[in-house]
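For reference, the chains in residue letters:
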Amino acid sequence: MAQPIRVLLVGSGGREHALAWRLVQEDPTVEIIAAPGNPGISVLAECVPVPATDVDGLLTLARVRGVTWTLVGPEAPLAAGIVDTFTAAGMPVFGPTRAAAMLETSKEFSKTLMNEAGIPTAKAIVCRSPGDARRAIDALSVPVVVKTSGLAAGKGVIVCNTVDEANDAAASMLEGKAFGDAGTTILVEEFMTGEELSLFAITDGQHAVVLPPAQDHKRLLDGDKGPNTGGMGAYCPVSLVDRHAALVDDVLERIVHPTLSAMRVRGTPFKGLLYVGLMITTSGPKVVEFNCRFGDPETQAVLPALDPNARIGELMATVARGDALRGDGLLRTTCSAVTTVLAVPGYPDAPRSGAQITLPPATDDVLVFHAGTKRSADGSLVTAGGRVLAVTGVGNSPEAAQRASIAAAGAITFIGKQFRTDIGSRELARRAGTS
Ligand code: AMP
Ligand code: GLY
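Residues numbered from 1 in each chain as written. Chains lettered and ligands numbered in written order. Predicted model: local features only at pLDDT ≥ 70, side-chain atom pairs only at ≥ 80, totals over all residues. Heavy atoms only, no water.

(A) Spotlight on the site of ligand 1. Taken together, 14 residues lie around ligand 1, and Glu189, Met192, Glu196, Lys218 and Glu289 are the ones closest in. Contacts to ligand 1 include Lys147, whose side-chain N or O atom sits 2.9 Å from an oxygen atom. The contact in question runs from a nitrogen atom of ligand 1 to an N or O atom on the side chain of Glu189, over 2.8 Å. Isolated, ligand 1 exposes 470 Å² of accessible area, and the fraction of that covered by the protein chains is 92%. Mapped by element, the contributors of at least two residues to the shell around ligand 1 are β7 (144-148), β9 (186-190) and β17 (284-291). The residue inventory of the shell around ligand 1, partitioned by class, reads 7 nonpolar, no polar and 7 charged. (Near = heavy atom within 4 Å. Polar contact = N/O pair within 3.5 Å; in protein donor to acceptor, adjacent residues only side chain to side chain. Areas by Shrake-Rupley, 256 points an atom, 1.4 Å probe, with all protein chains shown as cover. Helix = DSSP H or I, 4+ residues; strand = E, 2+ residues; numbered from the N terminus. Nonpolar A, V, L, I, M, F, W, Y, C, P; charged D, E, K, R; others polar.)

(B) Representation of the nonpolar core within the structure. Core analysis: the biggest nonpolar cluster contains 56 residues, and Leu8, Ile82, Phe86, Val256 and Val276 have the highest contact counts within it. Here this core takes 9 residues from helix α10 (residues 247-265), the largest share from any one element. Not counting chain neighbours up to four residues away, the residues in contact with Ile82 comprise Val10, Val55, Leu58, Val72 and Pro77. One finds Trp21, Trp69, Ala317 and Phe369 within the second-largest nonpolar core, a separate group that totals 45 residues. (Core = buried A, V, L, I, M, F, W, Y, C linked by side-chain atoms within 4.5 Å. Buried < 20%, exposed > 50% of the residue type's maximum accessible area, 1.4 Å probe, protein only. Contact = heavy atoms within 4.5 Å.)

(C) Representation of the packing of aromatic side chains within the structure. Per the stated rule, a full pass over the model turns up 3 aromatic pairs. On the numbers, 6.2 Å between centres and 70° between planes, the contact of Trp21 with Phe369 is edge-to-face. Here Phe369 lies in strand β20 (residues 366-370) and Trp21 lies in helix α1 (residues 14-26), a separation of 348 residues in the sequence. Here Phe200 and Tyr275 contribute two aromatic rings whose centre-to-centre distance is 5.3 Å and whose plane-to-plane angle is 40°, an arrangement assigned as tilted. Here Phe200, found in strand β10 (residues 195-203), pairs with Tyr275, found in strand β16 (residues 272-281); they are 75 residues apart in sequence, far enough to count as distant. On the basis of relative accessibility, which here comes to 4%, the residue Tyr275 falls in the buried class. Each residue in the set Phe200, Tyr275 and Phe294 is aromatic and connected to the rest through ring pairs, giving one cluster. Here the basic side chain of Arg293 rests over the ring of Tyr275, its NZ or CZ set 5.7 Å away from the ring centre. (Phe/Tyr/Trp six-rings, centres within 6.5 Å; stacked < 30°, edge-to-face > 60°. Lys NZ or Arg CZ within 6 Å of the ring centre and 35° of its normal.)

(D) Broad picture of the packing of helix α6 (residues 107-117) against α10. Packing of α6 against α10 leaves a shortest axis separation of 10 Å and a crossing angle of 105°. For the element pair α6 / α10, the angle class is roughly perpendicular. Contacts between α6 and α10 pair Phe109, Leu113 and Ala117 from the former with Pro258, Thr259, Ala262 and Met263 from the latter. Residues that form the contact of α6 with α10 fall into these classes: 6 nonpolar, 1 polar and no charged. (Axes fitted to C-alpha atoms, helices over the stretch in contact; angles between N-to-C directions. Parallel < 35°, antiparallel > 145°, perpendicular 65-115°, else oblique.)

(E) The pairing of β9, seen in detail. β9 sits mainly inside the fold: 4 of its 5 residues count as buried. Alignment of strand β6 (residues 124-127) against β9, held across 4 bridges, turns out to be antiparallel. Bridge pairing in β9 places Ile125 opposite Val188. Sheet topology places β7 next to β9; 5 bridges connect them, and they run antiparallel. The residue of β9 that forms the bridge with Val145 is Glu189. (Pairing = 2+ DSSP bridges.)

(F) Seen up close, the pattern of salt bridges. If you walk through the whole model with that rule in mind, you get 26 salt bridges. Among the salt bridges present, the one from Arg293 reaches Glu75, with a minimum N-O distance of 3.2 Å. Within this pair, whereas Arg293 is found in the loop between β17 and α11 (298-305), its partner Glu75 is found in helix α3 (residues 75-79), the two being separated by 218 residues in sequence. Each member of the pair, Arg293 as well as Glu75, is classed as buried. Where Asp250 meets Arg254, a salt bridge forms, and the shortest distance between an N and an O atom there is 3.3 Å. With Asp250 and Arg254 both in helix α10 and 4 residues apart, the pair spans about one turn of that helix. A relative accessible area of 25% places Asp250 in the partly exposed class. (Salt bridge = Lys/Arg side-chain N within 4 Å of Asp/Glu carboxyl O.)

This is the structure we're talking about:
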């Protein structure tokens, strides 16, 4: 009898819970070991308390437990070189090497690559001093976007409407106050307008299989107000994609393939999950950013909406083994999904954890993915981090999915719960012809 496939899943967020859920849906015999996992993941997997950035500890775990392949969720272990270490040890792993992960870890690197390869993106000037920044802000004229080149947990981007605001943002990043080393190099970037779209491609470095694009909601409050966060919700599919019949083909041809080709030419092929953050502008799709891993919370919407016959586990295992994909592809949705994130009070600036969580009984049209939760000493479920749960409603229409998501988000209780009640509303407006 064939041995069951054993996957090591690295990470502990809502994205990793959704990945575990999907792997089990596609192959109920799969065995998952999650490191470190979370209380939600523990229902589907064995959770082992090895931190996601302890690369040596993870390698030991993978070897001792004889895992078939490893799926890396967050960017930190990729930036720490987990793929280089596992590959050198002959252990199949899905994700880019540390050098290829620079597409996300250095915005200076990705912007230079895009400019050299002629990939459509916002015009940007790399700055290393407040003087550089002043000249760049004058040259691009406000509004401008000031961003750290390095990783800043989704918070190193400030949209500035005045010259003073832009100079202040640049100075505080460059002085290392706000973001440490991540901000010693910054980009001053032209402000783009349009709809944002997150597109994920599973790639072997050459071919790309694209998952159905999703839209993320980064602001804390309804109506896209309040501060930027790691993401307060997402929905999938996005009918904007259907309206522009050639949109995905265009993104493949003008963005994904030139990027993969430029990475191969540099001797650092990108294998794993390429996340393309897009702005759909009046002059076509442009890159806002690349990430080197699945998006959170988009994954919690994309995977439940994805055609159940799509076998992304097999595609990722193929890439992890170092084998080639059969060609390009576009995977389809078979239903709608709307994901509402529940966050702790004070999130994003001063999150306060430790409140008891009450979950109502499960229903067929809702998936509750855990992110910042833990079991307290007495076994009860408590909040442990900014974003606590991602509540995905599924249905035959975005209306039904949104209704299910909002009702379930409202029924879960913990003190100070924050959530948006308008995730997916832009899609409803678009379908109603009012946007
Ligand atoms: P990033 O981390 O680069 O994706 O930026 C975070 C968010 O800031 C994006 O999702 C956009 O909402 C916004 N943003 C970043 N760059 C730009 C830009 N050049 N023009 C308009 N908005 C931007
Ligand atoms: N949702 C944005 C990200 O994963 O970076």
